[in-house]
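In case you want the letters, here they are:
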Amino acid sequence: MQSSIPATCCLIATGRDQPVQLIDAYTGQARSTYSPMNSMDEMESPTVIQFSPSTGDHIVTAGFRTERMIQVFDSTRPGKTPLTTL
């Protein structure tokens, strides 16, 4: 995050039975939403979310109730399709 570059001023949040949201740090408004899906094609909330450490251009989600998986989303492509599922 660099406060001189507003596009980088954001955080990620989720809650029980809620998708992951990219939140604008200045306005508090949701910029985009990411919906991790389980094998039954149901949205499932993660208990762990993190930006990728090196560049921050990926969102890593884990700690799901029904399945042991890690899903990685491209932060520039909101939706329910992850880049990869491990």
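The structure under discussion appears in the preceding block.
Residues numbered from 1 in each chain as written. Predicted model: local features only at pLDDT ≥ 70, side-chain atom pairs only at ≥ 80, totals over all residues. Heavy atoms only, no water.

Visitor: Is there a simple way to think about the sheet that holds strand β7 (residues 84-85) in this case?
Guide: Two modes of strand pairing occur in sheets, parallel and antiparallel, and in both the strands are linked by backbone hydrogen bonds. The strand order β4-β5-β6-β7 describes an open sheet built from 4 strands, whose pairing is antiparallel. A strand with exactly one partner marks an edge of an open sheet, and here the two such strands are β4 (48-51) and β7. Pairing of strand β5 (residues 58-62) with strand β6 (residues 71-74), which is carried by 4 bridges, proceeds in the antiparallel orientation. For Ile 59, the partnering residue across the bridge sits in β6 and is Phe 73. (Pairing = 2+ DSSP bridges. Helix = DSSP H or I, 4+ residues; strand = E, 2+ residues; numbered from the N terminus.)

Visitor: Looking at this structure, I do not really get the pairing of strand β3 (residues 30-34). What am I missing?
Guide: In regular strands, side chains alternate between the two faces of the sheet. Relative to β3, strand β2 (residues 20-24) runs antiparallel, the two being bridged by 4 bridges. The partner of Leu 22 across the bridge, within β3, is Ser 32. Where β2 folds back on β3, the antiparallel hairpin that results is connected by 5 residues, among which Gly 28 adopts a positive phi of roughly 80 degrees.

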